[in-house]
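# Topology and contacts: notes
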There are 2 protein chains.
Amino acid sequence: MRLSTRTRYGIRAMLELAENVGRGPLQLRIIARRQDISVKYLDQLMTILKSAGFVRSIRGSKGGYVLARAPEQIKLNDVFNCLEGPVVTVECTENENYCARAADCVARQVWTQVQEAVMAVLQSITFQDLVDRTKNNKSPDYQI
Amino acid sequence: MRLSTRTRYGIRAMLELAENVGRGPLQLRIIARRQDISVKYLDQLMTILKSAGFVRSIRGSKGGYVLARAPEQIKLNDVFNCLEGPVVTVECTENENYCARAADCVARQVWTQVQEAVMAVLQSITFQDLVDRTKNNKSPDYQI
DNA sequence: TAATATACTACTAATATCGTAGGAATTGGG
DNA sequence: CCCAATTCCTACGATATTAGTAGTATATTA
Ligand code: FES
Ligand code: FES
């Protein structure tokens, strides 16, 4: 149950874009440098995020990436699902027919519980929330 | 974030032992047949569970495995940890020094939240709970 | 001693992860 | 028009992990 770098990098890249909203396109090169990720690898991740409709790209000079939707409309769960795949994949939670006695199986119930707990957290957080959290972290003056 | 068969099989094997408490040792062969797992593979899993102190083994004829502790004293979280490794491993949640700006990083905060959610579920369930659930599933007469 | 179990070690096929590499296509600016 | 910057696309490879298989040694009971 370890997260892939794909997911971790992808979400951090999305966060960079969320923080850059309103300032035009952000280049791979910049994101990669700020987040310490290989440009070429990030390149591939952005392709995934693009085809999933989370980001838009502007080609050519002065191009880059922007979020396709407002940061408050993108839940972490969506992006997670896109990069990491369905949360906690145990075949039988998705497909009743996978195991013979799925209806009674308590193990399956447990994995469903875990799955729902993870999804609840990720669904409750948007990228705007993360941007706000970052601001709070960076300006402790505003805290009591 | 997909569970390994190691974890899934291991927990199901532990559940078999929990259901067998008080009836002497249970053989690999039996567990493997009931849970549809390769005997030899299960063999290795039991070695892990044994060295972690969750089960005891009785060698030789009429031997087998028993739980090392009472089912109500073994939390799912313990066994999970032993088989799957630390819940949601993102290095920086464990090791502050892994990422440079770990203190401020909101991504890290998210993974910590997810981690805690999973652990909360797994820590709230013991093998005795699972045994009870199984009974309820198998005798719906007792339900209102 | 024979049958039944666990214990231990080694090997393997398949798959996924985490990149690296190179070049094609597109765009903006001089 | 040309150049630099940038995304787009495809292929490759090294490494690690997973999910077993296989064979043999050791212990126990009857
Ligand atoms: S239903 Fe799939 S493990 Fe029980
Ligand atoms: S601290 Fe590790 S990803 Fe931010």
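Residues numbered from 1 in each chain as written. Chains lettered and ligands numbered in written order. Predicted model: local features only at pLDDT ≥ 70, side-chain atom pairs only at ≥ 80, totals over all residues. Heavy atoms only, no water.

A few words on the nonpolar core. Core analysis: the biggest nonpolar cluster contains 90 residues, and W111 of chain A together with W111 of chain B have the highest contact counts within it. When residues no more than four places from it in sequence are discounted, the contact partners of W111 of chain A are V88, V90 and T93 of chain A together with L3, T7, R8, I11, F80 and L122 of chain B. (Core = buried A, V, L, I, M, F, W, Y, C linked by side-chain atoms within 4.5 Å. Buried < 20%, exposed > 50% of the residue type's maximum accessible area, 1.4 Å probe, protein only. Contact = heavy atoms within 4.5 Å.)

All right, on to the pattern of salt bridges then. Side chains that differ in charge, positive against negative, can pair when their charged atoms come close. Residue and element names in this part refer to chain A. Scanning the entire structure with this criterion turns up 4 salt bridges over all chains. Residues R34 and E16 are paired through a salt bridge, measuring 2.9 Å at the closest nitrogen-oxygen approach. Remark: E16 occurs in helix α1 (residues 5–19) and R34 occurs in helix α2 (residues 28–35); sequence separation between them is 18 residues. (Salt bridge = Lys/Arg side-chain N within 4 Å of Asp/Glu carboxyl O. Helix = DSSP H or I, 4+ residues; strand = E, 2+ residues; numbered from the N terminus.)

Once that is clear, we can look at the interface of chain A and chain B. Contacts between the two partners involve 35 residues from chain A, matched on the other side by 35 residues from chain B. Between chain A and chain B, roughly 3300 Å² of surface is buried when both sides are summed, and carbon and sulfur atoms account for 67% of that area. Among the residues of chain A in contact with chain B, M1, V106 and W111 of chain A are the three that bury the most area, contributing 23% of the side total. Linking chain A with chain B are 2 salt bridges, by the criterion used here. Inspection of the chain A/chain B interface yields 8 residue pairs in polar contact (both at pLDDT 80 or more). Within the residue set of the side of chain A that touches chain B, elements represented by two or more residues are α1, α4 (76–84), α6 (106–123) and α7 (127–138) of chain A. The element best represented in the side of chain A that touches chain B is α6 of chain A, accounting for 11 residues. (Buried area = accessible area lost by both parts, 1.4 Å probe. Polar contact = N/O pair within 3.5 Å; in protein donor to acceptor, adjacent residues only side chain to side chain.)

Let us look at the relation of the copies chain A and chain B. For the pair chain A and chain B, the best superposition has an RMSD of 0.1 Å and corresponds to a rotation of 180 degrees with a translation of 0.0 Å parallel to the axis. A rotation of that kind, with that shift, is consistent with a two-fold axis. Nearest to the rotation axis, the C-alpha of M1 of chain A is located 2.4 Å from it, this being the minimum over chain A. By residue overlap, the copies meet face to face through one surface: 100% of the interface positions of chain A are interface positions in chain B. (Least-squares fit on C-alpha atoms with pLDDT ≥ 70 in both.)

Now for the protein's contact with DNA strand C. Close to DNA strand C lie 25 residues; K40 and Q44 of chain A together with K50, S57 and Y65 of chain B are nearest. Taken together, the sugar and phosphate atoms account for 68% of what DNA strand C places within 4 Å of the protein. Taking K50 of chain B, its side chain carries an N or O atom lying 2.6 Å from a phosphate oxygen of DNA strand C. R59 of chain B places a side-chain nitrogen or oxygen 3.4 Å from a base oxygen of DNA strand C. Of all the elements in the fold, those that place two or more residues in the surface near DNA strand C are α1 and α3 (39–51) of chain A together with α2 (28–35), α3 (39–51), β1 (55–58) and β2 (64–67) of chain B. (Near = heavy atom within 4 Å.)

This part takes up the protein's contact with DNA strand D. Every one of the 25 residues lining DNA strand D counts as a neighbour, but K50, S57 and Y65 of chain A together with K40 and Q44 of chain B are closest to it. In DNA strand D, the atoms that sit within 4 Å of the protein are 66% sugar and phosphate, with bases accounting for the remainder. Within the side chain of R29 of chain A, a nitrogen or oxygen atom sits 2.8 Å from a phosphate oxygen of DNA strand D. The side chain of D43 of chain A places a nitrogen or oxygen atom 3.2 Å from a base nitrogen of DNA strand D. Listing elements by their share of the surface near DNA strand D, those giving two or more residues are α2, α3, β1 (55–58) and β2 (64–67) of chain A together with α1 (5–19) and α3 of chain B. The element contributing the most residues to the surface near DNA strand D is α3 of chain A, with 4 residues.

This brings us to the pairing of β2 of chain A. Residue and element names in this part refer to chain A. Burial along β2 is two-sided: G64 and V66 and Y65 and L67, pointing in opposite directions, are all buried. Relative to β2, β1 is paired through 4 bridges, and the arrangement is antiparallel. Counted as the bridge partner of I58 is G64 from β2. In this structure, the hairpin formed by β1 and β2 is closed by a connection of 5 residues, where G60 is found at a positive phi of approximately 80 degrees. (Pairing = 2+ DSSP bridges.)

Assignment of secondary structure puts N20 of chain B in the loop between α1 and α2. Excluding residues within four positions of it along the chain, N20 of chain B makes contact with P25 and L26 of chain B.

The next thing to look at is the packing of aromatic side chains. Residues and elements named next belong to chain A. Throughout the structure, instances matching the rule amount to 4 aromatic pairs over all chains. Seen from their ring centres, Y9 and Y41 are 6.0 Å apart, and the 80 degrees between their planes marks the pair as edge-to-face. Separated by 32 residues along the polypeptide, Y9 in helix α1 and Y41 in helix α3 bring together distant segments of the chain. Judged by its relative accessible area of 18%, Y9 is buried. Residue classification places Y41 among the partly exposed positions, given a relative accessible area of 29%. (Phe/Tyr/Trp six-rings, centres within 6.5 Å; stacked < 30°, edge-to-face > 60°.)

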